[in-house]
Amino acid sequence: DQQVKQNSPSLSVQEGRISILNCDYTNSMFDYFLWYKKYPAEGPTFLISISSIKDKNEDGRFTVFLNKSAKHLSLHIVPSQPGDSAVYFCAASDSGNTGKLIFGQGTTLQVKP
Amino acid sequence: EAQVTQNPRYLITVTGKKLTVTCSQNMNHEYMSWYRQDPGLGLRQIYYSMNVEVTDKGDVPEGYKVSRKEKRNFPLILESPSPNQTSLYFCASSLSNRPTNRGRSTYFGPGTRLTVT
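Residues numbered from 1 in each chain as written. Chains lettered and ligands numbered in written order. Predicted model: local features only at pLDDT ≥ 70, side-chain atom pairs only at ≥ 80, totals over all residues. Heavy atoms only, no water.

Student: Please explain the environment of Arg-61 of chain A as it appears in this structure.
Tutor: All names here are of chain A. Structurally, Arg-61 is set in the loop between strand 6 (56-59) and strand 7 (62-67). Among the residues examined, Arg-61 registers a relative accessible area of 22% and is labelled partly exposed. A C-alpha to C-alpha distance of 18 Å links Arg-61 and Leu-11, two positions 50 residues apart in sequence. The residues touching Arg-61, leaving out its near neighbours within four places in the chain, are His-76, Ile-77, Val-78, Pro-79, Ser-80, Gln-81 and Asp-84. (Helix = DSSP H or I, 4+ residues; strand = E, 2+ residues; numbered from the N terminus. Buried < 20%, exposed > 50% of the residue type's maximum accessible area, 1.4 Å probe, protein only. Contact = heavy atoms within 4.5 Å.)

Written out as structure tokens, the structure is:
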């Protein structure tokens, strides 16, 4: 039973335009959300995060929006660059002490020059 | 340079032949974990360790063992590998078990691609 879902396996955008990656979750106990970026043959690297007490967090070209009532978060990349082409994973952490991150399936973003 | 290293990076083995994937971090992190990545499923936690000699099961622990005798090392052991353990494995470490604003970076190793025939 997938608690974190990324329903779009892939996304293709033109360089300079906005990329919007979406993520849905089912567990209302999740209190922290993170986005990771993964290039081929490398491990995921942290991109941006948001606490459940906020609805927006911005870091340069990257902004994450959280809609708790809809149990939905999105990652906006503006402007998109070819170097952003990678697999993006949404992850969630609950308020327990296991430290476990629950990951979505991933979305492959391709930014075309 | 802060990093998590895993060895080997690629491994092809046969059913039943015991193997160990090593993981080491140089950041003095307390919390370490193992994940496996499978198509359509994302990353799923296998085992985690809060500190030396403290380990616990994640979501998919069957067929795996771990040990944490030193803070920096967290090997993953497959006593009798089976084909359903063919996967991409990631070791990860973080300062604590909580993804706080400062320590929110969980560092991942480069991955180990395991094929069991």
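After that view, the rundown keeps rolling.
Student: Sorry, what's going on with the sheet that holds strand 1 (residues 4-5) of chain A here?
Tutor: Pairing between the strands of a sheet comes from backbone hydrogen bonds, and it takes one of two forms, parallel or antiparallel. All names here are of chain A. Taking strand neighbours across the sheet as the criterion, the five strands line up as 1-3-8-7-6 in an open arrangement whose pairing is antiparallel. A single partner strand is all that each edge strand has here, and the edge strands are strand 1 and strand 6. Alignment of strand 1 against strand 3 (residues 19-25), held across two bridges, turns out to be antiparallel. Residue pairing in the sheet places Lys-5 in a bridge with Asp-24 of strand 3. (Pairing = 2+ DSSP bridges.)

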